[in-house]
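# Chains, contacts and geometry: an overview
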Amino acid sequence: MAGMPGISIRLRAASPGLIALPWLEPLGEWPPEAASFRDLQVGPSRHLVRFVEADSVVYALKELPTRIADKEYRVLRELEVRELPAVRPVGLVDQPDSGNSILVTEFLEHSWQFRRLFRRLPRELVKHRERLLDAIAGLLVDLHRAGVFWGDCSLANTLFKRDGQLLQAFLVDAETSEVHPGLTNGQRAHDLDILVENVSGDLVDVSMELGEGGERIEEDLAAAESIADRYRALWDELTHEETFGPVDRYKVEARVRRLNELGFAIDELALEPAAADRSTLRLKVAVVNRRFHAQELQRLTGLEVGEGQATILLNDLRAYQSRLAMEQPEAVPNDVVAGFRWRTDVFEPGMAKAAAALKDVADPIQAYCDLLEVRWLLSEQERRDVGEEIALAALAARQAPSESAAQMVVAETATASFPRVDG
């Protein structure tokens with residue numbers, strides 16, 4: 001590789017298949033036999049993007065001017081260091097003779113672009129759109145808290161991945177992004193305005209593609225505008241300062257509980273006098289990334305999952321612990337022992353059954369979360385525990401209640417199922 005003329009290769013994955021790709025040639029001229037190309041459905045891009053599989057991993061390759069590629073690579077590396085939801089940068093290949101570079105990122109497994117969800121689920125299932133809009137607003141809040149100005153935030157530049165009964169949004173395109181020690185209110189407001197404007201266009205485009213005509217435009221514009229309200233509500237919850245008197249100390253616990261329920265762990269609490277007579281206190285709370293429940297589940301079971309998935313799985317674990325306490329009150333194991341017993345006796349067999357019911361369409365962990373949700377919803381309808389087999393049958397037949405998170409499985413396609421492109 002070092003002897004290749006007019007080329008510089010930086011790869012963070014020691015993959016023989018990736019290294020062997022024809023990096024000397026412009027990406028658009030790679031012949032079909034040069035790589036195992038994959039046909040993945042993505043939104044429009046201003047630059048050429050191709051997907052290849054190398055050593056069982058799918059990578060996204062984007063060709064763009066070297067200056068822009070280098071900047072995007074550095075931003076994505078910084079986002080990775082800060083543990084922010086974004087695609088993982090794998091490498092950068094400079095081709096000085098052409099003035100272009102190829103940015104290599106790892107394809108986000110079991111993710112999808114928003115158009116897939118909107119095309120496959122009826123507009124009337126409002127809850128699914130709500131999840132998606134919450135996810136994009138939450139992503140922008142996460143970025144802004146870390147000092148990241150996105151600059152071109154939109155649904156088209158985002159990938160979504162199911163996380164329990166929620167969606168997690170991931171930044172895909174960082175060409176216009178900047179990382180600062182912190183953002184001003186003006187920078188945040190400008191980025192939010194860009195997001196609302198871009199999402200408006202994204203939603204209207206999809207409506208037109210679906211042949212809905214102009215009658216739904218006002219609805220789409222209102223949905224885009226709602227992102228600003230969702231963003232501000234979450235930002236205020238994370239940053240506002242509260243004051244309280246000596247008898248109101250319960251407010252501290254209530255604030256911590258609200259933040260934990262949103263998935264945020266507390267980094268630091270600060271109590272300062274809010275008045276000269278020290279009769280009231282001001283509470284300032286610093287939070288870290290949304291991994292509160294995920295970290296607790298990992299401590300108890302060793303599992304690494306999404307925050308939304310962890311919330312569901314912890315509830316299942318606690319129900320299992322309650323059953324153990326009732327059945328064997330004299331020999332209740334400690335939390336960690338119970339966690340590993342739950343993982344072996346309950347989670348892993350249930351996950352295998354759920355994944356088989358969905359025929360490997362979904363992430364196996366997400367499939368088990370779907371099974372738990374479907375079982376609970378069907379039991380609520382029947383006013384009795386319907387049991388695992390009925391829930392598995394409903395999951396396999398895609399007969400979950402209409403606005404159940406499990407219905408979103410129709411938007412997923414396992415990475416391995418994408419066909420090879422032969423020409």
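Residue numbers here run from 1 along each chain, matching the order of that chain's written sequence. The predicted nature of this model means local features are confined to residues of pLDDT at least 70 and side-chain atom pairs, given and counted, to a pLDDT of 80 or more, with totals for whole chains, interfaces and linings taken over all residues. Think of the side-chain values as coming from all heavy atoms in the structure, minus any hydrogens and water.

## Section: helix α6 (residues 217–239)
Under the scheme used here, helices are H or I runs from DSSP no shorter than 4 residues and strands are E runs no shorter than 2 residues, and both carry numbers assigned from the N terminus. By this rule the span expected of a helix is its residue count minus one, scaled by 1.5 Å. Compared with the 33 Å implied by 1.5 Å per residue over 23 residues, the 34 Å span of α6 between its first and last C-alpha is a close match. Against α4 (126–145), α5 (185–209), α7 (250–261), β13 (264–273) and β14 (281–290) lie the buried residues of α6. Any pair of residues with heavy atoms lying within 4.5 Å of one another is described as a contacting pair.

## Let's talk about the packing of aromatic side chains
Any two of the Phe, Tyr and Trp rings considered here, Trp counted by its six-membered ring, make a pair once their centres fall within 6.5 Å; the pair's planes then place it as stacked at under 30 degrees, edge-to-face at over 60, or tilted in between. One pass over the structure, following the stated rule, counts seven aromatic pairs. Where Phe114 meets Phe118, the ring centres are 5.7 Å apart and the plane angle is 85°; that geometry is what we call edge-to-face. A residue pair is termed a helical-turn pair when its members lie 3 or 4 positions apart in one helix, as Phe114 and Phe118 do in helix α3 (residues 114–120) at four residues. Using a 1.4 Å probe on the protein chains alone, a residue whose accessible area is under 20% of its type maximum counts as buried, one over 50% counts as exposed, and one in between counts as partly exposed. Judged by relative accessible area, which is 0%, Phe114 ranks as buried.

## Quick notes on the pattern of salt bridges
Here a salt bridge means any side-chain nitrogen of Lys or Arg lying within 4 Å of a carboxyl oxygen belonging to Asp or Glu. Scanning the entire structure with this criterion turns up 37 salt bridges. Ionic pairing is found between Glu106 and Arg88, a salt bridge with its closest N-O pair at 3.3 Å. One end of the pair, Glu106, is in strand β6 (residues 100–106); the other, Arg88, is in strand β5 (residues 88–95), with 18 residues separating them in the sequence. Judged by its relative accessible area of 31%, Glu106 is partly exposed. For Arg88, a relative accessible area of 32% translates into the label partly exposed. Between Asp220 and Arg123 there is a salt bridge, with its nearest N and O atoms 3.1 Å apart. Placement of Asp220 in helix α6 and of Arg123 in the loop between α3 and α4 is noted, with a sequence separation of 97 residues between them. Each of the two residues, Asp220 as well as Arg123, counts as buried.

## Quick look at the nonpolar core
The definition of a nonpolar core used throughout is a set of buried Ala, Val, Leu, Ile, Met, Phe, Trp, Tyr and Cys residues joined through side-chain atoms within 4.5 Å. Among the nonpolar cores identified, the biggest contains 66 residues, and Leu79, Leu132 and Leu171 are the most heavily contacted of them. Ranked by residue count, the leading element in this core is α4, at nine residues. In this view, Leu79 contacts Leu84, Ala86, Leu143, Val148 and Leu171; residues no more than four positions away in its chain are not counted. Of all hydrophobic cores here, the second largest spans 36 residues; its members include Met351, Tyr368, Ala400 and Val409.

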